[in-house]
Amino acid sequence: MKISILFSILILTFVGCTSVEYQWMQNERDTRREVYEDARRKEARERNFLSGDMIGEWEFLDIIVEESDASEDLLKAKAALTASKLKGFRLRFWKGSDTSYYYRIENLISKSYGKYVTRRVYWGDAPQTARLYLYPIYGLHISDLIFNFTKRSKIMEISVKDARLDLILDLGMVLSPDGWLRRGRIRCSFQRIE
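Residues numbered from 1 in each chain as written. Predicted model: local features only at pLDDT ≥ 70, side-chain atom pairs only at ≥ 80, totals over all residues. Heavy atoms only, no water.

Caption draft 1: Molecular detail of the pattern of salt bridges. Overall, the coordinates contain 13 salt bridges when judged by the stated rule. Glu-157 is the salt-bridge partner of Arg-185, the closest N and O atoms lying 3.8 Å from each other. Taken as a pair, Arg-185 in strand E10 (residues 185-192) and Glu-157 in strand E6 (residues 156-161) lie far apart in primary sequence, 28 residues in all. Under the relative-accessibility criterion, Arg-185 is labelled buried at 17%. Using a relative accessible area of 11% as the deciding quantity, one classes Glu-157 as buried. Salt bridges sharing common partners tie together Glu-66, Arg-131, Glu-157, Arg-164, Asp-166, Arg-185 and Arg-187. (Salt bridge = Lys/Arg side-chain N within 4 Å of Asp/Glu carboxyl O. Helix = DSSP H or I, 4+ residues; strand = E, 2+ residues; numbered from the N terminus. Buried < 20%, exposed > 50% of the residue type's maximum accessible area, 1.4 Å probe, protein only.)

Caption draft 2: Quick peek at the side chain of Glu-57. Summarising the element assignment, Glu-57 is placed in strand E1 (residues 56-65). Look at Glu-57 and you get buried, because its relative accessible area is 5%. Of note is the side chain of Glu-57, whose polar atom sits 2.5 Å from the side chain of Arg-92. Residues within four places of Glu-57 in sequence aside, it is in contact with Arg-90, Leu-91, Arg-92, Glu-106, Gln-191, Arg-192, Ile-193 and Glu-194. (Polar contact = N/O pair within 3.5 Å; in protein donor to acceptor, adjacent residues only side chain to side chain. Contact = heavy atoms within 4.5 Å.)

Caption draft 3: Spotlight on the nonpolar core. Grouped together as the largest cluster of nonpolar side chains are 37 residues, with contacts concentrated most on Ile-63, Phe-89, Ile-146, Ile-158, Leu-165, Leu-167 and Phe-190. By residue number, the principal contributor to this core is E1, which donates four residues. Those residues in contact with Phe-190 that sit more than four places away from it in its chain are Trp-58, Glu-59, Phe-60, Leu-61, Phe-89, Leu-91, Ile-146, Ala-163, Arg-164, Leu-165 and Leu-167. (Core = buried A, V, L, I, M, F, W, Y, C linked by side-chain atoms within 4.5 Å.)

Caption draft 4: Region of interest: the pairing of E10. Within E10, six of the eight residues are buried, which leaves the element mostly enclosed by the surrounding structure. Where strand E7 (residues 164-170) lies against E10, seven bridges are found, and the strand directions are antiparallel. Residue Leu-167 lies in a different strand from E10, and its bridge partner there is Cys-188. (Pairing = 2+ DSSP bridges.)

Have a look at this one:
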């Protein structure tokens, strides 16, 4: 009898410990799942940062080579020539039936369309700026039309404020006899027309 009571107490203790350990594992699993879901939601918000603000039709305004440490007279001349060719250039951005965002080039001989994604660059009180990633489905890449005279990356920064959209290309640094010089940035501006 004493053995069966002792054995029963041992079994109850084991079952109790197993139950506590199971509950602890379940709580840890739930906490990890919640952290994962929060991170996924945050990443989705940042990935689509400004994507919705871009929806609509935008018409080309101008290309400006912003001031830099290096003389960029040739670059400014090429930018002016490209700007003259882009008169009437329009971009249309819209959201598809799924969660994807799409773009289309309008009013130019070279038609193009595809998907786009934006990812946040600045935090807090900084300007509403993001990196713009374009995935052409058909035709030319937008950066090839706008910034073809720079031979630079296809990843641009984008800024949207009120009825103005700016595509910005950072030209990085160049080594000169005087040391490293900042080459500045090229800003291509559009105004909202729809």
